[in-house]
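The lines below spell out each chain.
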Number of protein chains: 4
Amino acid sequence: MMKLGIIGVGRIGKVHITSISTRVKDAVIKTAADPYMSEETAAWAKSMGVERTSKDYMDVISDPEIDAVLICSSTDTHSPISLKAIQAGKHVFCEKPIDHDVSRIREVMAALEGTGLKYQVGFNRRFDHNFEAVQRAVASGKIGTPQIIKITSRDPEPPGIDYVKVSGGMFLDMTIHDFDMVRFLAGCDATEVYVQAANLVDPAIGEAGDVDTAVITLQMENGAIAVIDNSRKAVYGYDQRAEVFGSKGMVSVSNDSASSAVISSEDGVTAEKPLHFFLERYMDAYGKEIAAFVDAIVSGRETPLNVEDGLQPVLMGLAAQKSLKEHRPVRISEIG
Amino acid sequence: MMKLGIIGVGRIGKVHITSISTRVKDAVIKTAADPYMSEETAAWAKSMGVERTSKDYMDVISDPEIDAVLICSSTDTHSPISLKAIQAGKHVFCEKPIDHDVSRIREVMAALEGTGLKYQVGFNRRFDHNFEAVQRAVASGKIGTPQIIKITSRDPEPPGIDYVKVSGGMFLDMTIHDFDMVRFLAGCDATEVYVQAANLVDPAIGEAGDVDTAVITLQMENGAIAVIDNSRKAVYGYDQRAEVFGSKGMVSVSNDSASSAVISSEDGVTAEKPLHFFLERYMDAYGKEIAAFVDAIVSGRETPLNVEDGLQPVLMGLAAQKSLKEHRPVRISEIG
Amino acid sequence: MMKLGIIGVGRIGKVHITSISTRVKDAVIKTAADPYMSEETAAWAKSMGVERTSKDYMDVISDPEIDAVLICSSTDTHSPISLKAIQAGKHVFCEKPIDHDVSRIREVMAALEGTGLKYQVGFNRRFDHNFEAVQRAVASGKIGTPQIIKITSRDPEPPGIDYVKVSGGMFLDMTIHDFDMVRFLAGCDATEVYVQAANLVDPAIGEAGDVDTAVITLQMENGAIAVIDNSRKAVYGYDQRAEVFGSKGMVSVSNDSASSAVISSEDGVTAEKPLHFFLERYMDAYGKEIAAFVDAIVSGRETPLNVEDGLQPVLMGLAAQKSLKEHRPVRISEIG
Amino acid sequence: MMKLGIIGVGRIGKVHITSISTRVKDAVIKTAADPYMSEETAAWAKSMGVERTSKDYMDVISDPEIDAVLICSSTDTHSPISLKAIQAGKHVFCEKPIDHDVSRIREVMAALEGTGLKYQVGFNRRFDHNFEAVQRAVASGKIGTPQIIKITSRDPEPPGIDYVKVSGGMFLDMTIHDFDMVRFLAGCDATEVYVQAANLVDPAIGEAGDVDTAVITLQMENGAIAVIDNSRKAVYGYDQRAEVFGSKGMVSVSNDSASSAVISSEDGVTAEKPLHFFLERYMDAYGKEIAAFVDAIVSGRETPLNVEDGLQPVLMGLAAQKSLKEHRPVRISEIG
């Protein structure tokens, strides 16, 4: 049984506690730490099998019984806590993004050098049954050489304006998942990004300096062209689809829904909406990503998503911001 | 150019005039006859390319220029007019059913003997793109030995009560198409019928002595079991589906709709209803059945649906009536 | 935390141990008993969180700490162990069928009388997301008065011949789930059964005195007609669908698959096969049925599937056997 | 009966002759002219109901009995023949594009001024049942304000290299249909185009100076962002889909296939490929566009696609060429 510590028990921290307790064998959470840990949260954590809770994350870092640390705190703390955990000899699972500052991601990279410690970034969608199936079809050559990669990624509703202001912008907060997905499906890096974006959902988002609707074109290293379309608000639910077109065919996936029930009536033939939010859609994927992390530690194999995989989507996000600002295609090599 | 005559210009007669004028090359309608031919109908027929109209069907039968006759009049006249047309040396296309009286169908059979004339019965659904695809999959062995055959056949709304009273009952009027389809898909005859039926749609149908809802089980000669479900009223439109399950797999077809448009909204994910009625769903099939009839005459090959194919569904319908009355499985050999 | 005991650790017993350990909060398995408990099975059970294992099921029955017993042993032991557990004051979850002998089911019913103990039968499919959605649509009136109920239930491969011989026949072993489903969807009992069945999959099944293919028609108390089609072998996987047609529309559900991936190539547009077996398809449902059982005990509410719900499908199965033998529709009231 | 003349009896000319003879009432083709008219083609045209054939297109232009002219000749002759036909007082239906030279389109526009003659451009896809349904959903407000418009348009195979060389490039030859579709669905013009394109299908296309794969982003006047993805070769057939996403929902359409047959086997669940080429997919649309043209002449209403509608996609195509060359977003106003 591997002992884990978890730092940050906000929304995503709770997701990990839930998925580990119900979906991950071979690992338990010894300690969950959060400076704002309420009594209610502590009680809930214990009911989910967490041994102890704390307000001091050093109770996790300095505990010799804890093998690995999950960093689920606010984005600005990801890289500093990563460094401390690495120094303490812990394996690290870090929520995305590692940092908005490329140089600090490189510091994490440098700190890992030679330690033999495992580091995994939390791009959970790679573990989703649908996206896995697309990647498998591409990697196995079933569709030939990839030529066009399309990702639709739309949230059911925008985050609060307070969050928008500190989120780093849509590209680093939301699209970053899609940037990772493009790399996962293409099997290579992007070399250039062009953004066409707008503020169409809520004027308050525009006033906060961000966009909420975008079509993003990417040139991939292997010659394929990728395109992502994003919206902060799809009234019909969480829209998460992908399609890869190649020389021998196409693979595509559609949304998941709560059931396959279809009602035919005078009004039409109506199926259920997509699952409404990421917790419903990706709960299995969250379990599988931690299982993969645990397995990498136990087996000594590379994690499926290392620091380099954490860096690239940040570079893509920064290039996207530059493209939007300068209204031109931006090469990834212009960044960092 | 083959010259056709059409007897009966009610609903189905008009369907044939329309489909021949727009979908059948190599044939024109010289004369359309109907005792109740109105001026309006006559004008419409001419606008569709019919050369002349008449109130006397003998103007069709005795015209030496007319090669073939389409009998679209009321059911009770099908076999008598068939006999007259055969006597006059005409090829005959006859709407279903040839007769409710088996002995009169056998008279038509006898009259054809040795004449070399072509006779085709109007089971149009065999020419529908979907059902053709199912039959092709079965006949080509793609699903192995057929084991279970399922047909869903539901009308969008019941006929008027006046029609119900003279229709011969749901099994001979509506299910007869499905009886033909079962034979088409199985590639053999039925040996036994069992009916579970009820009057659930409209009490007036029950008062008229008929049922409006049924599940009909059939034992097929080749060992397969078939099941038909019928309703006189599907509020969502004309429901026409089939599925054949066999030792190597299953083939199934769904309904056609006006477009593939799907609207995702807060209310769900809504596709279009099935095409509402047989005119929309089967117009292409009507054209193809007449083209096949013309082709059989020209090529000298057997028609795809001969008198035997007209007889068997009537036997099945009469067995179904007996099964309903006696509440037991009835062998086809008990009839006629 | 409710303490459960489990009797019988064969295939279905293992399913329950797995689902309880990963999907059911508020309950743990204290003891798992099986006369043939191997060391390997015992070790596996412990790894899944079972506290102790035993070869004597009385270690479950007589343990005062155990609140409720899950009977997962062979069918012939279901009712005797039920009676002992009830005598010992335990709540009982019993796998289907309670017994093939109606009088012994009635003994269980009598034993429960006045005890306040909960008894639940293991018709897991009622807890499947798809079938739940159909039932909800029907119960909420969305499709109006139910008129035709259709269930397709086909196994991916037949059981071994040794099992076939002791299974009680396809109707009591396999179709019994569908009989329950028909009652669940119709919201009422069946009054009559008619069977058309055959031995088409494997001659050895026929030699063992059983059928492997069937179409079963049922008259329901509320006027609806139901039809079930069964096969012991669908080469494309576990085929589990349902459709309810009513005066205001239709609700239908299709199969689940591992992902929504569709590959378009020169060979066609190919989706994944249905999930291959009941473990994959119904694992969530197994968890939900035990959670519902635990909840009924805690809340004092009736279980969703009581002894009466265990009795009715057995009556339907026996009527189906009689219908097959006597080749006629059989009323449920003729049984027992 | 309106009398039409047709100039150019190559592939598209034959499409129009076929669709007019089978799908358009109220119009006949009096004369079909083509400088390369073979005896075979002339015989075929007559069998389809064309009264006479000629090698001189002036036999169409100068015939006082002919009300309207269909220009189906090579692209470079579209605008000169348009001008002659207008001078001769004929209504004109002109295949796309009117010209690659914007100034010559403006000449046609000027020539029409004050004549009262109807002019329609051949963007047939607007008359396709699926795209019509999308447009209707958008125009009726069902999806709210359009925000993202997506068009997938992929040919089953590239044209011959000889044609590629004279085609004007993929954007003016193939994408031009999609540019029209974007305007049709958005209900407004584009203001800016950005192209990411490549030569991935066949090196010979690249050697001929053209691309064969592209993702094209467009800024629309109403604020929506549109994206088109093109390939010259989709091995699974003609891929023609669209999706419009808006503030109240999304409407999308999928491909048409020859039947809805789905075969479930050990290999998967396989549906038919999309209809393979534009003749199969759009034959109904070709009939409807000519019917609309005839109707505009008869009723005196504006044609659904006037010269302005012919001009805009050419501007978009030229902007796309410039974007590809200069690797930057290009405003439509920079062209012409």
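Refer to the structure printed above.
Report follows, based on the coordinates. Being a predicted model, the structure only gives us computed values, none of them experimental.

### Quick look at unusual backbone geometry
Here comes step 1: Residue B:Pro97 follows B:Lys96 across a cis peptide bond; omega there is -15°.
Here comes step 2: On the secondary structure map, B:Pro97 appears in the loop between strand S5 (91–94) and helix H5 (102–112).
Here comes step 3: In the Ramachandran plot, C:His327 falls in the positive-phi region, its phi being about 50° despite a non-glycine side chain.
Here comes step 4: Mapped onto the fold, C:His327 is located in the loop between helix H11 (307–326) and strand S15 (330–331).
Here comes step 5: Using a relative accessible area of 34% as the deciding quantity, one classes C:His327 as partly exposed.

### Details of the nonpolar core
All names here are of chain D.
Here comes step 1: Counting 104 residues, the largest nonpolar core has Tyr-119, Phe-171 and Leu-218 as its most contacted members.
Here comes step 2: The biggest single contributor to this core is helix H11 (residues 278–299), with 10 residues.
Here comes step 3: If we ignore the near neighbours within four places in the chain, the residues touching Phe-171 are Ile-176, Phe-179, Val-195, Ala-197, Val-211, Ala-214, Ile-216, Gly-317, Ala-320, Gln-321 and Leu-324.

### A few points about the relation of the copies chain C and chain B
The two chain copies are related to each other by a rotation about an axis together with a translation along it.
Here comes step 1: Relative to chain B, chain C is turned by 180° and slid 0.0 Å along the rotation axis, the superposed coordinates differing by an RMSD of 0.0 Å. This pairing of chains is accounted for by a two-fold axis. Among all residues of chain C, the one whose C-alpha sits closest to the rotation axis is C:Arg328, at a distance of 2.8 Å.

### Focus on the interface of chain B and chain D
Here comes step 1: In this assembly, 24 residues from chain B lie in contact with 24 residues from chain D.
Here comes step 2: Roughly 1,800 Å² is buried in total at the junction of chain B and chain D, and carbon and sulfur atoms are behind 50% of that figure.
Here comes step 3: Linking chain B with chain D are 0 salt bridges, by the criterion used here.
Here comes step 4: Put simply, chain B and chain D have 10 residue pairs in polar contact (both at pLDDT 80 or more) between them.
Here comes step 5: For the side of chain B that touches chain D, the secondary-structure elements that each account for two or more residues are helix H6 (129–139), strand S12 (249–253) and strand S13 (262–265) of chain B.
Here comes step 6: Looking at the side of chain B that touches chain D, the element that brings in the most residues is S12(B), giving 5 residues.
Here comes step 7: The class makeup of the residues in the side of chain B that touches chain D is 10 nonpolar, 10 polar and 4 charged.
Here comes step 8: In terms of strand pairing, S13(B) meets strand S12 (residues 249–253) of chain D through 3 bridges, oriented antiparallel. The residue bridging B:Ile263 from the neighbouring strand is D:Val251, located in S12(D).

### Considerations on the pattern of salt bridges
Here comes step 1: Applying the stated criterion across every chain yields a total of 101 salt bridges over all chains.
Here comes step 2: Residue B:Glu243 pairs with C:Arg241 through a salt bridge whose shortest N-O separation is 3.0 Å. Here the residue B:Glu243 occupies a position in strand S11 (residues 239–246), and C:Arg241 occupies one in strand S11 (residues 239–246), the pair thus bridging two chains. Both residues of the pair, B:Glu243 and C:Arg241, count as buried.
Here comes step 3: For D:Arg232, the salt bridge goes to D:Asp155, with nearest N and O atoms at 3.9 Å. With D:Arg232 in the loop between strand S10 (225–231) and strand S11 (239–246) and D:Asp155 in the loop between strand S7 (146–154) and helix H7 (161–166), this residue pair connects regions lying 77 residues apart in the sequence. For the pair formed by D:Arg232 and D:Asp155, the shared burial category is buried.

### Focus: the environment of C:Val269
Here comes step 1: Within the fold, C:Val269 resides in strand S14 (residues 268–271).
Here comes step 2: Once the C-alpha coordinates of C:Val269 and C:Ala292 are considered, the two residues, 23 residues apart in sequence, prove to be 40 Å apart.
Here comes step 3: Setting aside residues no more than four positions away along its own chain, C:Val269 makes contact with C:Val262, C:Ile263, C:Ser264, D:Val269, D:Thr270, D:Ala271, D:Glu272, D:Lys273 and D:Pro274.

### Some words on the sheet that holds strand S5 (residues 91–94) of chain C
All names here are of chain C.
Here comes step 1: Read across the sheet, 6 strands follow the order S3-S2-S1-S4-S5-S6 without closing on themselves; strand pairing throughout is parallel. Because the sheet does not close on itself, it has two edges, and the strands there are strand S3 (52–54) and strand S6 (119–121). The sheet shows a mean angle of 20° between the axes of neighbouring strands, direction not considered.
Here comes step 2: Where S5 lies against S6, 3 bridges are found, and the strand directions are parallel. Each residue of the ladder has a partner; that of Phe-93, found in S6, is Gln-120.
Here comes step 3: Strands strand S1 (2–7), strand S2 (27–33), strand S4 (68–71), S5 and S6 of the sheet are contacted by helix H10 (residues 278–299), whose axis makes an angle of about 160° with S5.

### Side note on helix H12 (residues 307–326) of chain B
Along an α-helix, residues three or four apart share an orientation, since each turn contains 3.6 residues.
Residue and element names in this part refer to chain B.
Here comes step 1: Under the 1.5 Å per step criterion, the end-to-end length of H12 is 29 Å for 20 residues, consistent within 8% with the ideal 28 Å.
Here comes step 2: Summarising burial for H12: 14 of the 20 residues are buried, a large majority.
Here comes step 3: The N-terminus of H12 is capped by Asn-306, whose side-chain oxygen sits 3.1 Å from the backbone nitrogen of Glu-308.
Here comes step 4: Of the residues flanking the end of H12, it is His-327, one or two places downstream, whose phi is positive at about 50°.

### With respect to the environment of B:Ile149
Residues and elements named next belong to chain B.
Here comes step 1: Of note, Ile-149 is situated in strand S7 (residues 146–154).
Here comes step 2: Relative accessible area serves as the criterion here: at 0%, Ile-149 is assigned to the buried category.
Here comes step 3: Separated by 12 residues in the primary sequence, Ile-149 and Ala-137 place their C-alpha atoms 13 Å from one another.
Here comes step 4: For Ile-149, the contacting residues outside a window of four places in its chain are Leu-185, Ala-186, Ala-224, Ile-225, Ala-226, Val-227, Glu-243 and Val-244.

### So, the side chain of D:Ser19
Here comes step 1: Tracing the backbone through its elements, the reader meets D:Ser19 in helix H1 (residues 11–23).
Here comes step 2: With near-sequence residues (within four places) excluded, D:Ser19 lies in contact with D:Val24, D:Met283, D:Tyr286 and D:Gly287.

### Let's talk about the relation of the copies chain B and chain D
Here comes step 1: Overlaying chain B with chain D gives an RMSD of 0.0 Å, the required rotation being 180° about an axis along which the chain moves by 0.1 Å.
Here comes step 2: Interface residue correspondence from chain B to chain D reaches 100%, placing this contact among same-surface, isologous pairings.

### A few points about the sheet that holds strand S3 (residues 52–54) of chain B
Residues and elements named next belong to chain B.
Here comes step 1: Spatial ordering of the open sheet is given by S3-S2-S1-S4-S5-S6, a layout of 6 strands whose pairing is parallel. This sheet does not close on itself; its edge strands, each paired only once, are S3 and strand S6 (119–121). Ignoring which end each strand starts from, the neighbouring axes of this sheet average 20° apart.
Here comes step 2: By the bridge criterion, 4 bridges tie strand S1 (residues 2–7) to strand S4 (residues 68–71) in an arrangement that is parallel.

### Concerning helix H4 (residues 75–87) of chain D
Here comes step 1: Residues D:His78, D:Ser79, D:Ile81, D:Ser82, D:Ala85 and D:Ile86 constitute the buried set of H4(D).
Here comes step 2: Taken from the residues just after H4(D), D:Gly89 is the one with a positive phi, measuring 80°.

### A word on the packing of aromatic side chains
Here comes step 1: Taken as a whole, this structure holds 26 aromatic pairs over all chains when the rule is applied.
Here comes step 2: Taking the centre distance of 4.7 Å and the plane angle of 75° together, the rings of B:Phe277 and B:Phe278 count as edge-to-face.
Here comes step 3: Of the aromatic side chains, those joined through ring pairs into one cluster are A:Tyr238, A:Phe277, A:Phe278, A:Tyr282 and A:Tyr286.
Here comes step 4: Over the ring of D:Phe245 we find A:Arg154; its NZ or CZ atom is 4.3 Å from the centre of that ring.

### Comments concerning the interface of chain C and chain B
Here comes step 1: Chain C puts 38 residues into the contact, and the matching count from chain B is 38 residues.
Here comes step 2: When chain C packs against chain B, close to 3,000 Å² is buried across both sides, 63% of that on carbon and sulfur atoms.
Here comes step 3: In terms of surface lost to chain B, no three residues of chain C exceed C:Gln196, C:Ile225 and C:Phe245, which account for 17% of the buried area on that side.
Here comes step 4: In this assembly, chain C and chain B are joined by 6 salt bridges.
Here comes step 5: Here B:Glu243 makes a salt bridge to C:Arg154, at a shortest N to O gap of 2.8 Å.
Here comes step 6: Put simply, chain C and chain B have 15 residue pairs in polar contact (both at pLDDT 80 or more) between them.
Here comes step 7: Listed by contribution, the elements that provide at least two residues to the side of chain C that touches chain B are strand S7 (146–154), strand S8 (190–198), strand S9 (213–220), strand S10 (225–231), S11 and strand S12 (249–253) of chain C.
Here comes step 8: Class assignment of the residues belonging to the side of chain C that touches chain B gives a composition of 16 nonpolar, 12 polar and 10 charged.

Thresholds, definitions, all that
- Residues numbered from 1 in each chain as written.
- Chains lettered and ligands numbered in written order.
- Predicted model: local features only at pLDDT ≥ 70, side-chain atom pairs only at ≥ 80, totals over all residues.
- Heavy atoms only, no water.
- Helix = DSSP H or I, 4+ residues; strand = E, 2+ residues; numbered from the N terminus.
- Buried < 20%, exposed > 50% of the residue type's maximum accessible area, 1.4 Å probe, protein only.
- Core = buried A, V, L, I, M, F, W, Y, C linked by side-chain atoms within 4.5 Å.
- Contact = heavy atoms within 4.5 Å.
- Least-squares fit on C-alpha atoms with pLDDT ≥ 70 in both.
- Buried area = accessible area lost by both parts, 1.4 Å probe.
- Salt bridge = Lys/Arg side-chain N within 4 Å of Asp/Glu carboxyl O.
- Polar contact = N/O pair within 3.5 Å; in protein donor to acceptor, adjacent residues only side chain to side chain.
- Nonpolar A, V, L, I, M, F, W, Y, C, P; charged D, E, K, R; others polar.
- Pairing = 2+ DSSP bridges.
- Axes fitted to C-alpha atoms, helices over the stretch in contact; angles between N-to-C directions.
- Expected span 1.5 Å × (residues − 1).
- Phe/Tyr/Trp six-rings, centres within 6.5 Å; stacked < 30°, edge-to-face > 60°.
- Lys NZ or Arg CZ within 6 Å of the ring centre and 35° of its normal.

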